[in-house]
Amino acid sequence: MVEDLRLIKVTKGPKTLLIDNPTNYPLIGMGAQGAVFKLSEERCVKIYSNSVQAQMELEALKAGQHLPFFPRLYEYGENYIVMEYFNAPTLKEYLRNCTYIPESITRKLLYILGEMKNAQFTMVDAPLRHIFVLDNEELKVIDHVNAFKRIHPVPLKLLRDLNMMLLKESFLSQVRSFEPDTYAIWQRYFDENKMDYRNIPVNSGGNGEGVKVDSAISQTLIGAGHQGAVFRIAEDRCVKIYGKPEHCQMESTILLANQDLTFIPKVHESGDNYVVMEYLSGPDLNTFLKKQTTLPPIVTKLLLDILTSQKQAGFKQIDAPLRHVFVTNTGFKMVDHVYSFSRLQERPLELFHNLHERGFLAEFLEQIRLLDPVTHAEWTKTPIPLTEEEVQMEIKDIPTVLPVIKNHGRKKGHEQKKGKGHEKDRDHKKGKNHGRDHDHKKGHDRDKNRDQNKGHNRDKDHGQKREHGGKRDTKDNKKGNGRKKGSDKK
């Protein structure tokens, strides 16, 4: 078996891990540190791209072998660990339809957290996707690479996930009842580390790099790209915090000036370095189309509506990258408009490239020809660029002339009042439910690609699918004249 495992190569790629697996062991999960392959019904192997991380997790597994919720350790090498395999749902899946968290689960979670603390782990925490529910509600916890590296004296990730599922309050209520001292410690920690999102430090990475965010911040980070980081601050709201004030001014002005456009997210508040806007619940279009074998005509129609509305509203950059468009129950919404008035681009070049990668470009163009022959002729009168270099040659930087904000009732730093125009627009959006009532939680900027995050691949180390905590793909390579391609993904 050892010789077989050495044949599997896992290396870091520009966006995700690269895997060369000449064996018959199936890939069941892939995360940030390594890939997991099933060896049998009882065992799996995690192969790491970095041997240092393999040793970090090995140290944690050895330290936790006496704990009943740790996976059993069988064998290990320089870059792999053979451990117990769990064929069971994650706690996130187990709690999916619950309106409150069962007391039995709360007691077991408190036991796990207490034992982690007693074992002197510094990361006393675990996201729901790393906890498996076996028979009789026995819980098992995986992914311990950072057990002795990161410092989480309170379960920030666990509470974040429960909050996303509307189970945080019932959980904390039970914690206060079962372990009042633990509850008091957690509350004291949050009181001492409470940070107004208006003052969260987000620093520009520079030279085409993503922004830098303090990893200790407890708010829910749902994406970080090249212009800003996005945090979820309520069930229906998120905040984008920018590394550079000029990027904030550009995007907030564009958003506020176009609130009447149905694809523009609703803005609630803005400041010198942040914009609070609606949280988009639903998959991004890139993720949605991964599950399609043909391109639904309604998708083409809605994308054409967005592109046509951009042109009519005076946008200079006409584009709708799949990762920036979200399928919500009120129609398509698009995020990331920082460069909409500072880059001259008459054709949706990144959308073309995205559809080409998905194998849908020819189908898309044919549907456009039937819907709007004039636009089809404009787009196809010269060859469509499909390489990065060709795309860059067609995009031109221009002086930024921002649009005038139409509703002067909006003020920075204050909650916006809904006028008649908003009510009308909202009613219009309600009537525009295109039958895509997806309940997938998706953040804005999963650099992803998140993720994402960062696409949303099988990210759990035991094959569970990540649902929008991660970052979406925001690689924004510096080209030729130093201009960053594309925009920040939310």
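Residues numbered from 1 in each chain as written. Predicted model: local features only at pLDDT ≥ 70, side-chain atom pairs only at ≥ 80, totals over all residues. Heavy atoms only, no water.

Within the protein chain, the regular secondary structure consists of 15 helices and 24 strands. Expressed as a percentage of its 490 residues, the buried residues of the protein chain come to 52%. (Helix = DSSP H or I, 4+ residues; strand = E, 2+ residues; numbered from the N terminus. Buried < 20%, exposed > 50% of the residue type's maximum accessible area, 1.4 Å probe, protein only.)

Scanning all chains against the criterion turns up 14 salt bridges. Taking the shortest distance from any N to any O, the salt bridge between Asp 143 and Lys 46 comes out at 3.9 Å. On the criterion of sequence distance, the pair formed by Asp 143 in the loop between β9 (139-141) and α5 (156-164) and Lys 46 in strand β5 (residues 43-48) is long-range, its members being 97 residues apart. On the accessibility criterion, Lys 46 (2% relative accessible area) is buried. A salt bridge links Lys 301 to Asp 305; the shortest N-O distance between them is 2.9 Å. Highlighted residues: Lys 301 and Asp 305, both in helix α10 (residues 297-312), separated by four residues, approximately one helical turn. (Salt bridge = Lys/Arg side-chain N within 4 Å of Asp/Glu carboxyl O.)

With that out of the way, let us pick up the pairing of strand β13 (residues 228-234). Within β13, five of the seven residues are buried, which leaves the element mostly enclosed by the surrounding structure. As judged from the six bridges shared by β13 and strand β14 (residues 237-242), these two strands associate in the antiparallel manner. When the sheet's bridge partners are listed, Gly 228 is paired in β14 with Tyr 242. Linking two consecutive strands that pair antiparallel, namely β13 and β14, is a turn of two residues. (Pairing = 2+ DSSP bridges.)

The next subject is the nonpolar core. Membership of the largest hydrophobic core comes to 51 residues, with the highest contact counts inside it found for Leu 285, Leu 303, Phe 332 and Phe 364. For this core, the element with the highest residue contribution is α10, accounting for six residues. Discounting chain neighbours no more than four positions away, the residues touching Leu 285 are Val 299, Leu 303, Leu 322, Val 325, Val 327 and Phe 332. Core analysis: the second largest hydrophobic core is formed by 48 residues, Phe 70, Tyr 85, Val 145 and Leu 167 among them. (Core = buried A, V, L, I, M, F, W, Y, C linked by side-chain atoms within 4.5 Å. Contact = heavy atoms within 4.5 Å.)

Here the focus is the pairing of strand β7 (residues 80-84). Burial of β7 is extensive: five of the five residues sit out of reach of the surface. By the bridge criterion, five bridges tie β5 to β7 in an arrangement that is antiparallel. Across the sheet, residue Cys 44 finds its bridge partner in β7, namely Met 83. Bridge count for strand β6 (residues 73-76) against β7 is three bridges, and the pairing is antiparallel. Note that in β7 the partner of Tyr 76 across the bridge is Ile 81.

Right, let's get into the packing of helix α11 (residues 349-358) against helix α12 (residues 361-371). It is at 7 Å that the axes of α11 and α12 come closest, and there the two elements cross at 125 degrees. Relative to α12, the element α11 is oriented oblique. Counted together, Leu 351, Phe 352, Leu 355 and His 356 of α11 and Leu 361, Phe 364 and Leu 365 of α12 form the full contact between these two elements. In terms of residue class, the contact of α11 with α12 is built from six nonpolar, one polar and no charged. (Axes fitted to C-alpha atoms, helices over the stretch in contact; angles between N-to-C directions. Parallel < 35°, antiparallel > 145°, perpendicular 65-115°, else oblique. Nonpolar A, V, L, I, M, F, W, Y, C, P; charged D, E, K, R; others polar.)

In total, this model carries eleven aromatic pairs according to the counting rule given. Consider the rings of Phe 121 and Phe 148, whose centres lie 4.9 Å apart with planes at 75 degrees: the pair is edge-to-face. With a gap of 27 residues between them, Phe 121 in the loop between α4 (103-118) and β8 (131-133) and Phe 148 in the loop between β9 and α5 connect regions that are remote in the sequence. The exposure class of Phe 121 is buried, given its relative accessible area of 5%. By the ring-pair criterion, three or more aromatic residues cluster together here, those being Phe 69, Phe 70, Tyr 111, Phe 121 and Phe 148. In this structure, Arg 43 packs its charged tip against the face of Tyr 74, placed 3.8 Å from the ring centre. (Phe/Tyr/Trp six-rings, centres within 6.5 Å; stacked < 30°, edge-to-face > 60°. Lys NZ or Arg CZ within 6 Å of the ring centre and 35° of its normal.)

The N-to-C vectors of α4 and helix α6 (residues 168-178) enclose an angle of 65 degrees; their axes lie 10 Å apart at closest approach. When the axis of α4 is compared with that of α6, the two are roughly perpendicular. For the element pair α4 and α6, the recorded crossing hand is right-handed. On α6, the residues that touch Glu 103, Thr 106, Arg 107, Leu 109 and Leu 110 of α4 are Phe 171, Gln 174, Val 175 and Phe 178. For the contact of α4 with α6, the residue count by class is five nonpolar, two polar and two charged. (Left-handed = near helix turned anticlockwise from the far one by under 90°.)

On to the environment of Leu 302, then. Relative to the helices and strands, Leu 302 is located in helix α10. Since its relative accessible area comes to 4%, Leu 302 is described here as buried. Expressed as a C-alpha distance, the spacing of Leu 302 and Lys 333, which sit 31 residues apart in the sequence, is 9.9 Å.

The strands making up a sheet are joined through hydrogen bonds of the backbone, oriented either antiparallel or parallel. What the five strands build is an open sheet, ordered β3-β4-β5-β7-β6; its pairing is antiparallel. Edge positions in the sheet fall to β3 (27-30) and β6, since each has one partner strand and no second. Across this sheet, the average inter-strand angle for adjacent strands is 20 degrees, counted without regard to direction. As paired strands, strand β4 (residues 34-38) and β5 are joined by five bridges and run antiparallel to one another. Bridge pairing links Val 36 to Lys 46 in β5.

Mapping Thr 106 onto the fold places it in helix α4. Assessed through its relative accessible area of 0%, Thr 106 is described here as buried. On a C-alpha basis, the gap between Thr 106 and Phe 171 in space is 6.5 Å, while along the polypeptide they are 65 residues apart. Sequence-distant contacts of Thr 106, that is, excluding residues within four places in its chain, are made with Ile 101, Phe 171, Gln 174, Val 175 and Phe 178.

Okay, the confidence of the model for the protein chain next. Here the protein chain shows a mean pLDDT of 81. Residues at 70 or above account for 78%. Here residues 408-490 is modelled with pLDDT under 50, and outside its nearest four sequence neighbours on either side it reaches 311 contacts, counting other chains as well. (pLDDT = per-residue confidence, 0-100.)

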